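Chain and residue survey
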Amino acid sequence: MELLETFRDMVNHAIHICIEENIKGRLKLRDRIYEDLQKRYHVVACCPYSVAEVAWSIVKKHRKWHRRPYAKRLMMKMDGQNYSLNYSILSVAFRRSERILIPLRCGDYQRSFLMDTTIRRGSVTITDSAVIIAFTKEASPVEPMKRIGIDLNEKSAVRSDGTRYDLSEVARVHTEYGVRRRDFYQRHPLDTRLKKKYASTRRERERINQLLHRKAKEIVREAKSESQAIVLERLKGIRYAHPKGNWEGKARRRMIAQWPFRVLQSYIVYKAGWEGVRVEFVSAARTSQTCNKCRYINKKLKLTEREWRCPNCGAILDRDLNAAINIERRGKIPCLGEVRPGALDTDEAVKGNEQTSAPILRAEVSKPT
Ligand SMILES: [Zn+2]
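Anyway, here's the lowdown on the structure attached to this text. (Residues numbered from 1 in each chain as written. Predicted model: local features only at pLDDT ≥ 70, side-chain atom pairs only at ≥ 80, totals over all residues.)

If a residue is not glycine, its phi is most likely negative; likewise, a peptide bond is most likely trans. Of note, R286 is a non-glycine position whose phi angle comes to about 55°, a positive value. By the secondary structure assignment, R286 is in the loop between β11 (279-282) and β12 (307-309). Note on R286: 18 C-beta atoms within 10 Å, which makes it partly exposed. The phi dihedral of R295 falls on the positive side, at around 70°, and the residue is not glycine. (Helix = DSSP H or I, 4+ residues; strand = E, 2+ residues; numbered from the N terminus. Buried ≥ 20, exposed ≤ 12 C-beta atoms within 10 Å, placed from the backbone.)

Here it is, written out as structure tokens:
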């Protein structure tokens with residue numbers, strides 16, 4: 001704690017100088033406080049660098065708020081060369097001729113990152129309850145054999161090969177907390193103190209994020225094990241999620257309308273990047289209305305129709321699976337040794353032109369790189 005308090009003092013000292021002398025720029029601030037901090041606090045040479053970095057980020061943030069900045073939270077940040085990790089003992093150089101050893105308590109999951117030699121470690125941030133180590137990894141790309149489209153809807157994520165990931169838990173948690181909040185506001189509409197405790201969205205967000213992390217992990221793991229590239233649709237608007245007429249008001253519905261999908265997509269993108277799985281985004285236009293067998297566009301399709309019969313070719317289609325197949329077909333990531341029916345131009349299909357000629361077989365082989 002003494003370490004963290006000293007660091008905070010230094011940051012506040014730096015902020016003070018920055019404001020008083022109207023210093024513009026992180027590097028200028030660093031040069032200005034360098035000797036000052038070393039003399040006052042007897043810290044190691046690289047310490048002022050991270051102090052300047054933290055102080056500058058606070059000053060910059062407060063400039064927008066028009067408030068006098070100061071560092072409130074207890075934290076400390078150190079550059080990569082300023083600490084070392086020996087198994088699970090963190091050793092931080094802080095004051096001259098003094099090293100601080102912090103034993104880290106970590107589970108198998110965290111330990112696996114500490115042991116991973118392919119990881120490059122970045123800065124370390126120490127707070128009163130946690131030690132956060134930033135790291136980067138060079139992922140070896142997975143050469144895709146096949147693309148896989150994923151349709152996201154309120155209840156599930158559906159892959160174009162028919163695998164379904166259940167997401168109904170997300171909607172359930174949403175509703176559970178939403179109802180609880182609504183009841184709370186009816187009883188105590190003005191109590192901000194209680195609001196923080198009983199109607200905050202934090203716990204809800206955490207639970208949902210955890211769920212989404214798990215699902216994204218599953219999706220990426222499967223894509224990796226089968227050497228697939230993931231195709232997602234570019235989400236726009238609020239037509240996903242939360243249909244009209246549920247307990248939520250219009251504004252709230254709008255607010256939460258898309259986020260679980262966007263968040264899930266961003267988790268997929270990030271985890272895929274980590275694993276070297278390729279991801280691409282394609283247009284979402286009419287993915288669920290187009291028949292994947294004959295490209296007919298059923299404009300009369302309602303949102304509630306989970307299953308529909310194509311008026312043109314008579315195929316019975318599952319709404320989500322059909323969309324996933326259409327998403328997959330729009331993908332352009334080249335796959336190894338791929339043979340697929342060509343002439344299924346997505347732009348044409350979107351416009352609603354009927355496909356009359358028989359599809360021509362075309363081989364697509366990725367260029368050697
Ligand atoms: Zn059809």
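Further remarks concern the nonpolar core. One finds I150, I230, V231 and I268 to be the most contacted residues of the largest nonpolar core, which totals 30 residues. Of all elements in the fold, only β7 (146-152), β8 (156-159), α7 (202-225), β10 (228-233), α9 (259-275), β11 and α10 (319-330) reach the threshold of two or more residues within this core. Looking at this core element by element, the count peaks at six residues for α7. When sequence neighbours within four positions are dropped, the list of residues in contact with V231 reads R147, I148, G149, I150, E280, V282, I327, E328, R330 and G331. Grouped together as the second largest cluster of nonpolar side chains are 26 residues, A14, I33, A55 and I126 included. (Core = buried A, V, L, I, M, F, W, Y, C linked by C-beta atoms within 7 Å. Contact = placed C-beta atoms within 7 Å.)

Our next topic: the environment of A139. Inspection of the secondary structure puts A139 in the loop between β6 (131-137) and β7. Accessibility expressed as a C-beta count within 10 Å gives 13 for A139, which makes it partly exposed. For the pair A139 and T118, spaced 21 residues apart in sequence, the C-alpha separation works out to 9.0 Å. The contact partners of A139, leaving out residues within four places of it in the chain, are G273, W274, E275 and G276.

Before going further, it helps to spend a moment on the sheet that holds strand β1 (residues 75-78). Across the sheet, three strands lie side by side as β1-β5-β6; this open sheet has antiparallel pairing. In this open sheet, the two edge strands, each paired with only one partner strand, are β1 and β6. Within this sheet the neighbouring strands show an average axis-to-axis angle of 20°, counted without direction. Of the pairings in the sheet, the one linking β1 to strand β5 (residues 119-127) comprises four bridges and is antiparallel in character. Looking at β5, one finds that M75 is bridged to T127. (Pairing = 2+ DSSP bridges. Axes fitted to C-alpha atoms, helices over the stretch in contact; angles between N-to-C directions.)

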